[in-house]
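One-letter residues, chain by chain:
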Amino acid sequence: MTTTLATAQSEPSVAELSLPIEGMTCASCVNRIERFLRRTPGVEEAFVNLATEVATIRYLPAEAGRDELVAAVEAAGYDVRAVPPVAADGAGTALARAADVDAAERAAEARGLLFRAATSIAVAVGIMGLMVAPLGLAMEQLNWLAILPATLVQAWAGGRFYRAAWRAARHGATNMDTLVAIGTSAAWAYSVAVTLWPGIAMSAGGEPAAYFDSSTIIIGFVLLGRWLEARAKGRAGSAIRELLALEPPIARRVTGTAERDVPLGEVAPGDLLRVRPGDRVPVDGVVVAGASAIDQSMLTGESMPVEVGPGAVVIGGTLNARGSFDLRATRVGRDTVLAQIVDLVQRAQGSKAPIQRLADRVSEVFVPAVLVAAAATFAAWLAIGPEPRLTLALTAFVAVLIIACPCAMGLATPTAIMVGTGRGAESGILIRGGEALEAAHRIDTVVFDKTGTLTEGRPRIVEIVPAPGFDAAMILSLAASLEARSEHPIGEAIVARAAADGAGLAETTVTRFLASSGRGVEGTVTMAGVARQVLVGTAAYLETNGIDLAPIRGAIATATSHGWGIATIAVDGRVAGVLTLRDAVKASAGPAVAELHRSGVEVWLLSGDSRAVAEAVAAEVGIPSDRVLADVLPDGKAATITGLRGRGRVVAMVGDGVNDAPALASADVGIAIGTGADVAIEAADVTLIGGDPRDVAAAIRLSRATMRVVRQNLAWAFGYNVVLIPVAMGVLYPIAGILLNPGLAAAAMALSSVSVVVNSLRLRRVRLG
């Protein structure tokens, strides 16, 4: 079977677009852009991620286009960053090129932030030095020395806050830049006033003390915080860059007896490519000559190299550990597994978890509320505060504005989601988005499909038992002729055995083929000019069709007593024989179940096979017999999952994503086992690329760790404001004479934003293997 990663576009009429946004600084920016986008006709969903600075929009192309969506962002007061066009070359060529350009732009912006921050802080330190140095100058003279550098910093370094605040104000909005602009302007304007007219302060009973050091240090610390935040966010998004780096820029194309290095963008499906020892596989393909061992650890998390030979499927971006081989390219550019993984990780990192809604609701009214609180604080100090009232009122006013910036609230969840999904991708665990990541931490029940999930999914025939009057070779040939049209693993095993035994499939023709999902197949098989009606399937399937199984009851009993599978065969209305099959249990299945049990998760086995076969596998991997659900047809698996959820369980369904698609979609979290190129299923929330069932526990562990970090971040962000806003307002002044310095408020505000990003980065160290 061949499946591909699903895009978020589940309906043909719905398109998805990602827009890089410029000018966002806090959660209130996110809410405003989302609100304007969702009001645009044709937009079904819009999510904005502060950490990635990307808006993801699902819309109806018949009603809206890119121009309308860009216009909505601009109407909200923000800009869409210009990005270079990306050709359909592949994940590691065009996408990497675009990523490099974007990274270069961000690096240049970060350097500018650092330079302005350093300059502002240096000026502030210089002004503070003037104030304490024994120069013998009066306060009025010191103010005149400070006014010019402070004004230059206010206009040059602080200009970005004015521009952003004005842009938001023109659209009737406020944001973090509004708070910084008002706070620093108040400190600077007061300082200018007492410098030009010192009598204002003296008439109020105080000295003409200026706050030039406060206005400059606030700007410096806020810019320094943004620089640190940008660096930390860059580290948080490193998973995408690491994935893009896996694809080599060139491929070695073979034409006749010659070989030539060509840019990867020139490779087309069907090209013959040569891969030498130490090379990365350039594209997805099938090995046609040679043999080697492929290191797939960067894509699947599997540390042991995989042996490949003619007919084996290889994935672009994996490393050829030894040997040389030729492959026929099958999927290139955006169709490769690597490109699809990059796309899925980008979507996941740009998604929003439900827990973020709390922060969104708070931040939507937070900035206006802070402006009101700051104004009330200023008025209260002027009305009832001690002397010098104006000075103290201004200090408290500026401190409240600066300390309350809601940056940390906006970054708390998206940075954790970004790092968590990236960490999963590095270990071959692909998580579709924030909602799936959040849901996974509540899982208390895991239901495993048997075939291809806990077992290898490649059953082999261990015995052919013909009924009296039939020949083993003949019934194998008849069965294989039918099953050649089936995609079921048992059918593949029958065909493989027939090929190994030299059964003549080419000498047969099949008509009136009919498949009954999960039960069997039937059709008319013509061999040597004789047409026979053949049925192959479960014992129940043959009995339903009126076939007497008495001649093979003993063989069936023997097979089921060993826990083996069976396929029964009928020819022209008579039972012709039974094939016994053995599907080996994966070596990692037992440890996977044990680890889930240790983590407090209840494990069930769901199978369409007989109870005897299902219980044999369950016993081998450590699942109790009372949690085995056998003889369940594909259309009944979804109902079984729904029944477990009805008992109040939070259920994860683990399957190979083919017959299990309805059950995957019915579960709280659908987990698809992908092997090789079969990396994901549209119905799944989580895809395990390597096919190792131990990754189920790893995915749950990652989800729990991520949600723990999210809660820590939100607790810090909310707690920071709850505690420090009252301090900034001056509640400690009557008790201990403490009033928060605006410069310290700026440093604390910057630290709060950086702290949640750094805390999220701890997820990169979560043990998943």
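The paragraphs below set out a description of the structure included in this document. All values derive from a computational prediction rather than experimental measurement. (Residues numbered from 1 in each chain as written. Predicted model: local features only at pLDDT ≥ 70, side-chain atom pairs only at ≥ 80, totals over all residues. Heavy atoms only, no water.)

**Thoughts on the nonpolar core**
We count it as follows: Here, nonpolar core refers to any group of buried Ala, Val, Leu, Ile, Met, Phe, Trp, Tyr and Cys residues whose side-chain atoms link them within 4.5 Å. The rule is simple: take the accessible area with a 1.4 Å probe, protein chains only, and divide by the maximum for that residue type; under 20% is buried, over 50% is exposed, in between is partly exposed. Each helix is a run of DSSP H or I of at least 4 residues and each strand a run of E of at least 2, with the numbering of both proceeding from the N terminus. Pairs of residues are marked as contacts when any of their non-hydrogen atoms sit within 4.5 Å.
By size, the foremost hydrophobic cluster in this structure holds 139 residues, and its most contacted members are L37 and V446. If one sorts the elements of this core by residue count, helix α25 (residues 694-729) sits on top with 16 residues. Setting aside its immediate chain neighbours within four residues, L37 contacts V43, A46, V48, A55, I57, L69, A72 and V73.

**A few points about the side chain of D692**
Within the secondary structure layout, D692 lies in the loop between β26 (686-688) and α25. For D692, a relative accessible area of 12% puts it in the buried group.

**Regarding the pattern of salt bridges**
What counts here: Whenever Lys or Arg places a side-chain nitrogen within 4 Å of a carboxyl oxygen from Asp or Glu, that contact is recorded as a salt bridge.
Following the criterion strictly, the structure yields 30 salt bridges and no others. Residue E22 is joined to R81 by a salt bridge in which the shortest nitrogen-to-oxygen separation is 3.9 Å. Here E22 is found in strand β1 (residues 15-22), whereas its partner R81 is found in the loop between β4 (79-80) and α3 (94-132), with 59 residues between them in sequence. For E22, a relative accessible area of 35% corresponds to the partly exposed category. Across the pair E259 and R276 runs a salt bridge whose closest N-O atoms are separated by 2.6 Å. Residue E259 is found in strand β6 (residues 258-263), and its partner R276 is found in the loop between β7 (272-275) and β8 (284-290); the two are separated by 17 residues along the sequence. The class of E259 is partly exposed, set by a relative accessible area of 31%.

**Points about unusual backbone geometry**
In the Ramachandran plot, R512 falls in the positive-phi region, its phi being about 55° despite a non-glycine side chain. With respect to the helices and strands, the residue R512 is situated in strand β17 (residues 508-516). R512 gets classed as exposed once you look at its relative accessible area, which sits at 74%. Residue D631 is not a glycine yet carries a positive backbone phi of 55°. For D631, the position within the fold is in the loop between β23 (628-629) and α23 (634-646).

**Digging into the sheet that holds strand β10 (residues 306-308)**
Definition in use: A strand pair is defined by DSSP finding two or more bridges across the two strands. The angle between two axes is taken between their N-to-C directions and runs from 0 to 180 degrees, where each axis is a line fitted to C-alpha atoms and a helix contributes only its stretch in contact.
Overall, antiparallel pairing links the 3 strands, which are arranged β10-β9-β12 in an open sheet. Edge positions in the open sheet fall to β10 and β12 (319-322), since each of these has one partner strand only. Here the strands of the sheet are splayed against their neighbours by 40° on average, with no regard to which way each runs. In terms of strand pairing, strand β9 (residues 292-295) meets β12 through 3 bridges, oriented antiparallel. Following the sheet pairing, I294 is matched in β12 by N320.

**A short note on the packing of helix α17 (residues 472-483) against helix α18 (residues 489-501)**
Short version of the rule: Note on angle classes: values under 35 degrees are labelled roughly parallel, values over 145 roughly antiparallel, values of 65 to 115 roughly perpendicular, and the remainder oblique. Crossing handedness is read from the near helix: turned anticlockwise from the far helix by less than a right angle, it gives a left-handed crossing, and turned clockwise, a right-handed one. Polar here means any residue other than Ala, Val, Leu, Ile, Met, Phe, Trp, Tyr, Cys and Pro, which are nonpolar, and Asp, Glu, Lys and Arg, which are charged; Gly is therefore polar.
Packing of α17 against α18 brings their axes to within 8 Å, and their N-to-C directions diverge by 130°. Accordingly, the angle class assigned to the pair α17 and α18 is oblique. α17 and α18 meet at a crossing whose hand is left-handed. Contacts between α17 and α18 pair L476, A479, A480 and E483 from the former with G491, I494, V495, R497, A498 and D501 from the latter. By residue class, the composition of the contact of α17 with α18 is 6 nonpolar, 1 polar and 3 charged.

**Here we look at the pairing of strand β22 (residues 602-606)**
The line we're drawing: Every crossover in which the path from the first strand over the helix to the second runs clockwise, viewed with the strands pointing away from the viewer, is termed right-handed.
Most of β22 sits out of view: 4 of its 5 residues are buried. Across 5 bridges, strand β15 (residues 445-449) lies against β22 in parallel orientation. Considered in β22, the bridge of D449 is made with L606. In this structure, β22 lies alongside β23, joined through 2 bridges in parallel fashion. When the bridges of β23 are listed, L605 appears paired with V628. Handedness of the crossover is the feature at issue here: the chain leaves β22, passes through helix α22 (residues 611-621), returns alongside β23, and the resulting connection is right-handed.

**Examining the packing of aromatic side chains**
The description of two aromatic rings rests on the distance between their centres and on the angle between their planes. Condition: Working definition: a ring pair exists when centres of Phe, Tyr or Trp rings (six-membered ring for Trp) sit within 6.5 Å. Plane angles under 30 degrees give stacked, over 60 give edge-to-face, the rest tilted. Two thresholds decide whether a charge sits over a ring: the Lys NZ or Arg CZ must be within 6 Å of the ring centre and within 35 degrees of the ring normal.
All chains considered together, the criterion is met by 5 aromatic pairs. Summarising the aromatic geometry, the rings of F378 and F397 are spaced 5.7 Å apart at their centres and angled 70° between planes, so their arrangement reads as edge-to-face. On the criterion of sequence distance, the pair formed by F378 in helix α12 (residues 356-384) and F397 in helix α13 (residues 389-403) is long-range, its members being 19 residues apart. For F378, a relative accessible area of 24% translates into the label partly exposed. Look at F397 and you get buried, because its relative accessible area is 16%. A ring pair is formed by W716 and Y720, whose centres lie 6.1 Å apart and whose planes are at 35°; its orientation type is tilted. Of this pair, W716 and Y720 both sit in helix α25, 4 residues apart, roughly one helical turn. Residue classification places W716 among the partly exposed positions, given a relative accessible area of 39%. Of the residues examined, Y720 reaches a relative accessible area of 6% and is grouped as buried. Positioned above the aromatic ring of F36, the side-chain terminus of R39 is 4.5 Å from the ring centre.

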